[in-house]
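Chains, contacts and geometry: an overview
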Amino acid sequence: MPLMRLDKFISGQMPEVSRNDAKELLKKGLVTVDGVTEKHYDYKLDTEKAVVAISGERIVYREHLYIMLNKPSGVVCAVRDKITPTVMELLPPQLRRPGLFPAGRLDKDSVGFVLLTDDGELAHRMLSPSSHVPKKYFVRLENDVESGVTELFKSGMTIDNDEKCLPAELEILSPKECFVTLHEGKFHQIKRMFAATENTVVYLKRIAIGGVILDDKLDEGKARLLEDNEIKGLICYD
């Protein structure tokens, strides 16, 4: 692991602290490395071994961030947008870091689990068409689910201009409510699939990605870091 400058380490792990702020903390003698006060901003440390603390509180090093956001309606999955609020704007200061982006998209009027990360390699693996990472949704419909739709989804239905879908799972909860699990991410896919059965989606919520389930204690618009076992569950979900 390459060595990193101490001021860069502090500002990188604490997004609310700028590089200049970090230098001030160091000058004031508030930073320790392995229990010893360090005042030099250009001190080089091994990020995997060094124990860095500010005023006695340890800074835990994270090479990448993996954030679960419970997206509300009316927000777009983009890093920036000139007109509409984005998922990035919902993050509290302590979770913001340059390079973060939404790994995958959720429609503006849909809600639920959006993964934000700065790990491009993991995002590529998740979003690759060959990965087939399952994503589970709760769906509410305008009309009752017609008989035979479960098998239609399971067989891999065709939508719009002969666009073939991968097999999907449909679990009916009530005449107008169901779970749908997709293994791909076509544009507005669930809405288009139900439209092909002459039905309309009135509410759509993503509740799981891979083996990670949306935290039911996480209110809409709120976010938290994923636990280590959850990070593994993004890819290892069988």
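Let us look at the structure shown here. (Residues numbered from 1 in each chain as written. Predicted model: local features only at pLDDT ≥ 70, side-chain atom pairs only at ≥ 80, totals over all residues. Heavy atoms only, no water.)

Some details on the side chain of Gln 13
Note the cut-off: Secondary structure elements are taken from DSSP: a helix is a run of H or I of four residues or more, a strand is a run of E of two residues or more, and numbering for both begins at the N terminus. Distance and chemistry together define a polar contact, namely a pair of N or O atoms within 3.5 Å, with one atom able to donate a hydrogen and the other to accept it when in protein, and with adjacent residues in sequence counting only for side-chain atoms on both sides. Every residue pair with non-hydrogen atoms within 4.5 Å of one another is taken to be in contact.
Here Gln 13 shows up in helix 1 (residues 6–13). Within the structure, the side chain of Gln 13 is placed 3.5 Å from the side chain of Arg 97, a separation counted as a polar contact. Excluding residues that lie within four positions of it along the chain, Gln 13 makes contacts with Ile 59, Val 60, Tyr 61, Arg 62 and Arg 97.

Some points on the side chain of Arg 224
Of note, Arg 224 is situated in strand 17 (residues 223–225). Here the side chain of Arg 224 touches Asp 215 through a polar contact of 2.9 Å, side chain to side chain. Among the polar contacts made by the side chain of Arg 224, one reaches the side chain of Glu 230 at a distance of 2.9 Å. Beyond its immediate chain neighbours, meaning those up to four positions away, Arg 224 contacts Tyr 66, Ile 67, Met 68, Leu 95, Asp 215, Leu 218 and Glu 230.

Structural notes on the sheet that holds strand 2 (residues 31–33)
Selection criterion: A pair of strands counts as paired when DSSP detects no fewer than two bridges linking them.
Strand order in the open sheet made by the four strands is 3-2-5-6, with antiparallel pairing throughout. With one partner strand each, in any of the chains shown, strand 3 (36–37) and strand 6 (57–59) form the two edges of the open sheet. Bridge count between strand 5 (residues 52–54) and strand 6: three bridges; the pairing is antiparallel. Pairing of Val 52 across the sheet is with Ile 59, part of strand 6.

Observations regarding the environment of Ile 235
Tracing the backbone shows Ile 235 in the segment after helix 6 (228–233). For Ile 235 and Val 212, which are 23 residues apart along the polypeptide, the C-alpha to C-alpha distance reads 9.4 Å. With residues near it in sequence (within four places) discarded, Ile 235 still touches Leu 122, Arg 125 and Met 126.

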